[in-house]
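Structural characterization, general
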Amino acid sequence: MHVVIINGSPRAKKFSNTDKIIQSFAKGLQSEGSTCEVYTLSNRSEWEAAWAAFMTHDKIIIALPLYVECAPSLLLEFLATLPTERRKPATLSFILQSGFAEGCQLRCGEAFLKSLPAQLGCTFGGCLLRGNNFGIRIAKEGERNKILKPYADMGRSFAQKGNFLSPEAARFVGLETFPLVLRKFIMLSYKVVGHRKFSRTATEWGCIRPLDDRPY
Amino acid sequence: MKTIILNTADNIRPAEALQAQIAAKGEDAELIDTTTMDIRHCMGCNHCFLKTPGVCAIKDDYKQILKKLAHSDSLWLVSGTRFGFLDYKGKRVMDRILPMLNMDLCFRDGEMRHTLRYGTLNVGVVYSGEGNQQLLDFWCYRSSANLGGHSLGAYSVNKIKEVKVCM
Ligand SMILES: Cc1cc2nc3c(=O)[nH]c(=O)nc-3n(C[C@H](O)[C@H](O)[C@H](O)COP(=O)(O)O)c2cc1C
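Here the structure is a predicted model, which is why all the values come from computation and not from measurement. (Residues numbered from 1 in each chain as written. Chains lettered and ligands numbered in written order. Predicted model: local features only at pLDDT ≥ 70, side-chain atom pairs only at ≥ 80, totals over all residues. Heavy atoms only, no water.)

1. Details of the domain arrangement of chain A
Residue and element names in this part refer to chain A. Once the domains are mapped, chain A shows domain 1 (2–176) and domain 2 (178–216). The C-alpha-based centres of domain 1 and domain 2 are spaced at 28 Å. Each side of the interface is counted separately: domain 1 has eight residues, and domain 2 has eight residues. Between domain 1 and domain 2, a total of about 620 Å² is buried, with carbon and sulfur atoms accounting for 73% of that surface. Three residues, Glu 102, Ile 138 and Leu 175, lead the burial of domain 1 against domain 2; their summed loss comes to 57% of the area buried on that side. One can count one salt bridge joining domain 1 with domain 2. The salt bridge partner of Lys 197 is Glu 143, with a shortest N-O separation of 3.3 Å. Inspection of the domain 1/domain 2 interface yields one residue pair in polar contact (both at pLDDT 80 or more). Among the residues forming the side of domain 1 that touches domain 2, the class breakdown is four nonpolar, no polar and four charged. (Domains from an automatic or database assignment. Contact = heavy atoms within 4.5 Å. Buried area = accessible area lost by both parts, 1.4 Å probe. Salt bridge = Lys/Arg side-chain N within 4 Å of Asp/Glu carboxyl O. Polar contact = N/O pair within 3.5 Å; in protein donor to acceptor, adjacent residues only side chain to side chain. Nonpolar A, V, L, I, M, F, W, Y, C, P; charged D, E, K, R; others polar.)

Structural data, given as structure tokens:
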């Protein structure tokens, strides 16, 4: 199977969490004998080739970060400005990934993505959902690999099934909401470790203002 | 109560009607027509969280919007639709709203959120075209919760008279 994968993140490829997720997913795909080509929408010079690939292939995955509860405006522009109408049937699947970790955070984006394929002349191939990806960009290699490995497993699964409609794909999202004890534990570890990690990154980036500054 | 109305739709009339409706109730409603402004897509650099807190790295006309949002209680977005959802111009002004939040995390109403850089912000949408009402209501509800506010609801331009003011 040959799969067209479109990275819908506006973030430059080098820093894009979606890109790292796609790389891991593609490894899984390829280990099962499938092939893929990847387009990155943050680079406008790839749009024309991405439009052409979108219109002419029959297995397409759009991988995207959740942006303010739905698809990023850049991806919406890419889809709204598709130069032609599809004539050839295709299966359109999605990898929707987000910063916040609970499954419920991704449901609005999922509702939109579910409605999208039919409007683009495609059939819906399912949505692979998972949060807790904000840290990929700033994580050390070991931690990063731990976050990314499950996507390689799903790449293998996609190579076999051709979609994300399996129970395994549905389970990928993890917990829908966090029970109170887990929330308390998360906040505790955030105060001890997470908060410090953000402050360290800010210092490395040359930040000289408090993170809760009010410039306006 | 200060309300900002951001118009991203080609036709400004619905936004003007909304402004008049809010003003008639004695509320302060400022209309900003973004269609003549230079506003680019958020590029996810995270500088507004971690490098220049609260300041967007993109130097365009959004800065003047942000300055006003920082001191507003409610935001109405008047937008066209595509694929049943906000069109990319409407979504674009919402994706740029991140500097209203801090990097810092907390749980609010049982869900993980960013803490608020300024006050709370209620969000409502007036849309033209074939909007998916359920989806837009869901989106308003979730987006306003992210900003610590409540949803003002999603209304088709044909139902603008039903918009409730003073919420
Ligand atoms: C403008 C903007 C809006 C975002 N909105 C959400 C959101 O509503 N919910 C969420 O969980 N994460 C949100 N995120 C976090 C991203 O989804 C997350 O960091 C993702 O891993 C970024 O992937 P990328 O590096 O490929 O862009 C947002 C990030 C940005 C920059």
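Now that the structure has been shown, the text picks up again.
2. Side note on the sheet that holds strand E2 (residues 35–40) of chain A
Residue and element names in this part refer to chain A. With parallel pairing, five strands are arranged side by side in an open sheet as E2-E1-E3-E4-E5. One side of each edge strand has no neighbouring strand; the edge strands of this open sheet are E2 and strand E5 (123–130). Each adjacent strand pair in this sheet contributes to an overall mean axis angle of 20°, direction not counted. The pairing of strand E1 (residues 2–7) with E2 spans six bridges and is parallel. The residue of E2 that forms the bridge with Val 4 is Glu 37. Against the sheet, helix H4 (residues 107–119) contacts strand E3 (59–65), strand E4 (91–97) and E5, and its axis sits at roughly 165° relative to E5. (Pairing = 2+ DSSP bridges. Helix = DSSP H or I, 4+ residues; strand = E, 2+ residues; numbered from the N terminus. Axes fitted to C-alpha atoms, helices over the stretch in contact; angles between N-to-C directions.)

3. Remarks on the interface of chain B and chain A
Accessible area lost during the coming together of the parts is what is often quoted as the interface size. Of the residues lining the interface, 48 residues belong to chain B; the matching set on chain A comes to 49 residues. Across the chain B to chain A interface the summed buried area is about 4,400 Å²; carbon plus sulfur atoms make up 65%. Looking only at chain B, the three residues that lose the most surface to chain A are Leu50(B), Phe83(B) and Phe107(B), adding up to 17% of its buried area. Inspection of the region where chain B meets chain A yields one salt bridge. With a shortest N-O distance of 2.6 Å, Arg142(B) and Glu69(A) are connected by a salt bridge. Taken together, the connections running from chain B to chain A amount to 26 residue pairs in polar contact (both at pLDDT 80 or more).

4. Overview of the pairing of strand E6 (residues 101–108) of chain B
Most of E6(B) is tucked away: seven of the eight residues are buried. Connecting E6(B) to the next strand, strand E7 (residues 111–116) of chain B, in antiparallel fashion are two residues, including Asp109(B) with a positive phi near 50°. (Buried < 20%, exposed > 50% of the residue type's maximum accessible area, 1.4 Å probe, protein only.)

5. A few points about the packing of helix H1 (residues 17–31) of chain A against helix H5 (residues 141–161) of chain A
Residues and elements named next belong to chain A. For the pair H1 and H5, interaxial distance at closest approach is 6 Å and the crossing angle is 40°. In this view, H1 runs oblique relative to H5, as classed from their interaxial angle. The crossing of H1 and H5 is right-handed. Note on element contacts: H5 touches H1 through Arg 144, Leu 148, Lys 149, Tyr 151, Ala 152, Met 154, Gly 155, Arg 156, Phe 158 and Ala 159, opposite Lys 20, Ile 21, Ser 24, Phe 25, Gly 28, Leu 29 and Ser 31. When its residues are assigned to classes, the contact of H1 with H5 shows nine nonpolar, four polar and four charged. (Parallel < 35°, antiparallel > 145°, perpendicular 65-115°, else oblique. Left-handed = near helix turned anticlockwise from the far one by under 90°.)

6. Some words on the state of the cysteines
Tallied over the full model, the rule gives zero disulfides over all chains. Between Cys122(A), a free cysteine, and Cys127(A), which holds the nearest cysteine sulfur, the sulfur-to-sulfur gap is 14 Å. Looking at the unpaired Cys207(A), the closest cysteine sulfur is the one in Cys48(B), lying at 11 Å. (Disulfide = S-S within 2.5 Å.)

7. A look at the site of the ligand
Taken together, 21 residues are adjacent to the ligand, and Ser9(A), Ser16(A), Asn17(A), Thr18(A) and Gln97(A) come closest. In this structure the ligand sits where residues from chains A and B come together. Arg11(A) places a polar side-chain atom, nitrogen or oxygen, 2.8 Å from an oxygen atom of the ligand. Between Glu69(A) and the ligand, the recorded distance is 3.0 Å, taken from a backbone N or O atom to an oxygen atom. For the ligand, whose unbound accessible area comes to 660 Å², protein coverage reaches 95%. Considering only residue class, the shell around the ligand consists of nine nonpolar, nine polar and three charged. (Near = heavy atom within 4 Å. Areas by Shrake-Rupley, 256 points an atom, 1.4 Å probe, with all protein chains shown as cover.)

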